[in-house]
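Examining the three-dimensional arrangement
Each chain, written out:
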Amino acid sequence: MTLSMSMLKDTDLCDSLVINVLTVSDTRTFQNDTSGDYLCDVIQDAGHKIGERIIVLDNIYQIRAALSNWIADKGISAILITGGTGFSGRDSTPEAVKPLFDKDIDGFGEIFRYLSHGEIGSSTIQSRALAGVANNTTIFCIPGSTGACKLAWNELIKEQLDSSHQPCNFVGAFRSKD
């Protein structure tokens, strides 16, 4: 049997997901974390729920500790991480997160840098934006600037976390989380 759009219920068209937000920074607080604020706002505007939002120091083990608990939680569908993706001495998000991935989403970083080039030129090569899947939880690592978060959300993440986006999206992977 072929499933057509007319056979789906309205609730099937846009699943509401639980998404956590992690800010990685040695200097940000909830009072000045504009990137975390932005991500929480657009997540909710898209009809999803914020499960938890935290800020951790740019430390591999603090990042992994937060992620490991969230990855193991069956109720969390996706995690958006902002910060720690550059080349400064303490930027360690890629080193903390990549070993946790079961699968890399190579296209995210590639397309993010391509799109970013139009805004910041050759400085985009210093972005180590990446994404992957761990225990059927999709994880996006985005640079810490609010502009980078806007670009990533509007051009890539929003559609991929929308169950009605065709020809494919990541929502189906969440249903099999055991």
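Let me sum up the structure you'll find in this document. Starting afresh in each chain, residues are numbered from 1 along the sequence in its written order. Owing to the predicted nature of the model, reporting of local features is limited to residues with pLDDT of at least 70; listing and counting of side-chain atom pairs is limited to 80 or more, with chain, interface and lining totals taken over all residues. As a rule here, side-chain values come from all non-hydrogen atoms in the structure, and water together with hydrogens is ignored.

Quick notes on the pattern of salt bridges
The salt bridge criterion pairs a side-chain nitrogen of Lys or Arg with a carboxyl oxygen of Asp or Glu, the two atoms within 4 Å. Scanning the entire structure with this criterion turns up six salt bridges. Residue arginine 90 pairs with aspartate 26 through a salt bridge whose shortest N-O separation is 2.5 Å. With arginine 90 in the loop between strand S3 (78-82) and helix H4 (93-97) and aspartate 26 in the loop between strand S1 (18-24) and helix H2 (34-45), this residue pair connects regions lying 64 residues apart in the sequence. Only protein chains enter the accessibility calculation, which uses a 1.4 Å probe; a residue is then buried when its area is under 20% of its type maximum, exposed when over 50%, and partly exposed in between. With relative accessibility at 43%, the residue arginine 90 sits in the partly exposed group. With a relative accessible area of 38%, aspartate 26 lands in the partly exposed category. Here aspartate 37 and arginine 53 are joined by a salt bridge, their closest N and O atoms 2.8 Å apart. A residue pair is termed long-range when its members are at least 10 positions apart, and aspartate 37 in helix H2 and arginine 53 in strand S2 (residues 49-56) qualify at 16 residues. Exposure remark for aspartate 37: the relative accessible area of 27% places this residue in the partly exposed category. In the salt-bridge network here, residues are joined through shared partners; they are Arg28, Asp33, Asp37 and Arg53. Secondary structure is summarised from DSSP: a helix means a run of H or I of at least four residues, a strand means a run of E of at least two, and numbering begins at the N terminus for each.

So, unusual backbone geometry
What you tend to see is this: most non-glycine residues have negative phi, and most peptide bonds are trans. Following glutamine 166, the chain continues to proline 167 via a peptide bond in cis, the omega torsion being 15°. Residue asparagine 135 is not a glycine yet carries a positive backbone phi of 50°. Of note, asparagine 135 is situated in the loop between strand S5 (130-134) and strand S6 (137-142). Located in the positive-phi region is asparagine 136, a residue other than glycine, with phi close to 60°. Tracing the sequence through the fold places asparagine 136 in the loop between S5 and S6.

Regarding the nonpolar core
We define the nonpolar core as a collection of buried residues of types Ala, Val, Leu, Ile, Met, Phe, Trp, Tyr and Cys that are connected through side-chain atoms lying within 4.5 Å of one another. Residues Leu80, Phe108, Ile142, Trp153, Ile157 and Leu161 are the most contacted members of the largest nonpolar core, which totals 28 residues. Here this core gets seven residues from one element, more than from any other, and that element is helix H6 (residues 146-160). Within the second largest apolar cluster, 18 residues are counted, among which are Trp70, Ile71, Ile76 and Ala134.

Remarks on the packing of H2 against H6
A packed helix pair is summarised by two numbers, namely the angle formed by the two axes and the spacing between the axes. Angles shown run from 0 to 180 degrees and are taken between the N-to-C directions of axes, each axis being a line fitted to C-alpha atoms and, for helices, limited to the stretch in contact. Here H2 crosses H6 at 25°, and the two axes come no closer than 8 Å. Comparing their axes, H6 and H2 come out roughly parallel. As H2 runs across H6, the sense of the crossing is right-handed. Contacts from Thr34, Ser35, Tyr38, Leu39, Val42 and Ile43 in H2 reach Thr146, Cys149, Lys150, Trp153 and Asn154 in H6. Just so you know the grouping, Ala, Val, Leu, Ile, Met, Phe, Trp, Tyr, Cys and Pro go in nonpolar, Asp, Glu, Lys and Arg go in charged, and all remaining residues, Gly too, go in polar. Class assignment for the residues of the contact of H2 with H6 results in six nonpolar, four polar and one charged. An angle counts as roughly parallel when it lies under 35 degrees, as roughly antiparallel when it exceeds 145, as roughly perpendicular when it falls between 65 and 115, and as oblique in every other case. Handedness of each helix crossing follows the sense of rotation of the near helix against the far helix: counterclockwise by less than a right angle gives left-handed, clockwise gives right-handed. A contact between two residues is defined here by any heavy atoms of the two lying within 4.5 Å.

Remarks on the packing of aromatic side chains
Under the pairing criterion, centres of Phe, Tyr and Trp rings, with the six-membered ring standing for Trp, must be within 6.5 Å; the plane angle then separates stacked pairs below 30 degrees from edge-to-face pairs above 60, leaving the rest tilted. Evaluated as defined, the whole model comprises three aromatic pairs. Here phenylalanine 108 and phenylalanine 112 contribute two aromatic rings whose centre-to-centre distance is 6.2 Å and whose plane-to-plane angle is 25°, an arrangement assigned as stacked. Here the residue phenylalanine 108 and the residue phenylalanine 112 both occupy positions in helix H5 (residues 106-120), the gap between them amounting to four residues, near one helical turn. Residue phenylalanine 108 is classed as buried on the basis of its relative accessible area, which comes to 5%. The exposure class of phenylalanine 112 is buried, given its relative accessible area of 1%. Taken together, a centroid distance of 6.4 Å and an interplanar angle of 70° make the contact between phenylalanine 140 and phenylalanine 170 edge-to-face. With a gap of 30 residues between them, phenylalanine 140 in strand S6 and phenylalanine 170 in the loop between H6 and helix H7 (171-174) connect regions that are remote in the sequence.

A short note on H5
Multiplying 1.5 Å by the residue count of a helix minus one yields the expected span of that helix. End to end, H5 covers 21 Å across 15 residues, agreeing with the expected 21 Å (1.5 Å per residue, within 8%). Considered for burial, the residues of H5 that qualify are Phe108, Gly109, Phe112 and Ser116. Contacts from the buried residues of H5 go to S5, S6 and H6. Phi turns positive, to about 65°, at glycine 121, one or two residues after H5.

None of the figures reported here should be taken as evidence of function without further support.
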